[in-house]
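The chain contents come next:
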Amino acid sequence: MSSGDRKNGVPSTVASIPLVDPHAPKSDPSIGDLVKDATAQVSTLVRAEVELARAEITRDVKKGLTGSVFFVLALVVLFYSTFFFFFFVAELLDTWLWRWVAFLIVFGIMVVVTAILALFGYLKVRRIRGPQETIATVKEIPEALTPGQSKTRALGSSDGKAAANPTADPSGW
């Protein structure tokens, strides 16, 4: 190219002109192109489904938390109102007994109910044994990772003891 072919440093002719539109869909795509497109579409679909599930779960969790807050507030109000109930019972007993005896009876009833509920709680907590199956399977992990353990176990007899010849063919041939 001579310097006469250039204007402002840009050539006046293009070196190559594309004869087809690179963005136009191919008339007969190859199997590789179809697999690539299908993979991209499935990936997009899975991502969209995960995002939808995440949005729905987030919405439901927010609703659940809001409902839980109202339940907790109701329990707090109930807790504070029990004072008035027990005070009412003591005042009711005051009509037949001395005032200090009435309040002592209400206090005794509250202590007995507390002891009974604590006993029930203790009995329930005492039954907790932990994840026994998980502990058992975790203890089996070193055996499973030790080379040759699965062969010896598979060649064992039906009573759980190892066969006399662990290298023998298990089919009996």
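Residues numbered from 1 in each chain as written. Predicted model: local features only at pLDDT ≥ 70, side-chain atom pairs only at ≥ 80, totals over all residues. Heavy atoms only, no water.

Turning to the overall build of the chain, a few remarks are in order. From N to C terminus, the chain includes 4 helices and 2 strands. Counting from the amino terminus, helix and strand elements in the chain follow one another as β-β-α-α-α-α. Per-residue burial over the chain gives 3% buried out of 173 residues. Considering only contacts in the chain between residues 6 or more positions apart, those separated by 24 or more positions represent 3%. For the chain, the exposed area adds up to about 15900 Å²; of that, 69% sits on carbon and sulfur atoms. (Helix = DSSP H or I, 4+ residues; strand = E, 2+ residues; numbered from the N terminus. Buried < 20%, exposed > 50% of the residue type's maximum accessible area, 1.4 Å probe, protein only. Contact = heavy atoms within 4.5 Å. Areas by Shrake-Rupley, 256 points an atom, 1.4 Å probe, with all protein chains shown as cover.)

Moving on, we come to the packing of aromatic side chains. According to the stated counting rule, one finds 6 aromatic pairs in the structure shown. Between F83 and F84, the ring centres sit 5.3 Å apart and the planes meet at 75°, which makes this aromatic pair edge-to-face. F83 sits in the exposed class, given a relative accessible area of 52%. A residue is classified by how much of its surface remains accessible, and F84, at 59% relative accessible area, is exposed. Counting every residue linked through ring pairs, the aromatic cluster contains F83, F84, F87 and F103. (Phe/Tyr/Trp six-rings, centres within 6.5 Å; stacked < 30°, edge-to-face > 60°.)

Here the focus is a positive patch on the surface. Together, K124, R126, R127 and R129 give the surface a local cluster of positive charge. Its place among the elements puts K124 in helix α2 (residues 99–126). You can call K124 exposed: its relative accessible area is 57%. (Patch = residues over 30% accessible without salt bridge, like charges linked within 9 Å, V, L, I, M, F, W, Y side chains within 5 Å. Salt bridge = Lys/Arg side-chain N within 4 Å of Asp/Glu carboxyl O. Lys, Arg positive; Asp, Glu negative; His and termini not counted. Charge placed at Lys NZ, Arg CZ, Asp CG, Glu CD.)

Residues at a pLDDT of 70 or more form 69% of the chain, whose mean pLDDT is 79. Ranking the elements of the chain by mean pLDDT puts helix α4 (residues 149–154) last with 55 and α2 first with 93. (pLDDT = per-residue confidence, 0-100.)

This part takes up the layout of surface pockets. Within this model, the largest pocket holds a volume of roughly 180 Å³. Along its surface, the largest pocket is lined by L78, F79, T82, F83, F86, F87, F103, V106, F107 and M110. Contributions of two or more residues to the lining of the largest pocket are made by α1 (31–94) and α2. With 6 residues, the single largest contributor to the lining of the largest pocket is α1. Across the lining of the largest pocket, the residue classes tally to 9 nonpolar, 1 polar and no charged. (1 Å grid on protein atoms, 1.4 Å probe; cavity = no way out; pocket = protein on both sides within 12 Å on 5 of 7 lines; lining within 4 Å. Points joined across faces, edges and corners; volume = space filled by probe spheres on them. Nonpolar A, V, L, I, M, F, W, Y, C, P; charged D, E, K, R; others polar.)

Here the structure, examined in full by the defined rule, presents 4 salt bridges. As a salt-bridge pair, E91 and R99 come within 2.9 Å of each other at their nearest N and O atoms. Overall, the relative accessible area of 26% leaves E91 in the partly exposed class. Classification of R99 by relative accessible area gives partly exposed; the value is 41%. Between R99 and D94 there is a salt bridge, with its nearest N and O atoms 3.6 Å apart. Taken together, the shared-partner salt bridges in this structure form one network comprising E91, D94 and R99.

Moving on, we come to the packing of α1 against α2. The N-to-C vectors of α1 and α2 enclose an angle of 140°; their axes lie 8 Å apart at closest approach. For the element pair α1 / α2, the angle class is oblique. Every pair of crossing elements has a handedness; the one defined by α1 and α2 is right-handed. Taken together, the residues of α2 that come into contact with α1 (itself represented by F86, F87, V89, A90, E91, L93 and D94) are R99, A102, F103, I105, V106 and M110. Classifying every residue of the contact of α1 with α2 by side-chain character gives 10 nonpolar, no polar and 3 charged. (Axes fitted to C-alpha atoms, helices over the stretch in contact; angles between N-to-C directions. Parallel < 35°, antiparallel > 145°, perpendicular 65-115°, else oblique. Left-handed = near helix turned anticlockwise from the far one by under 90°.)

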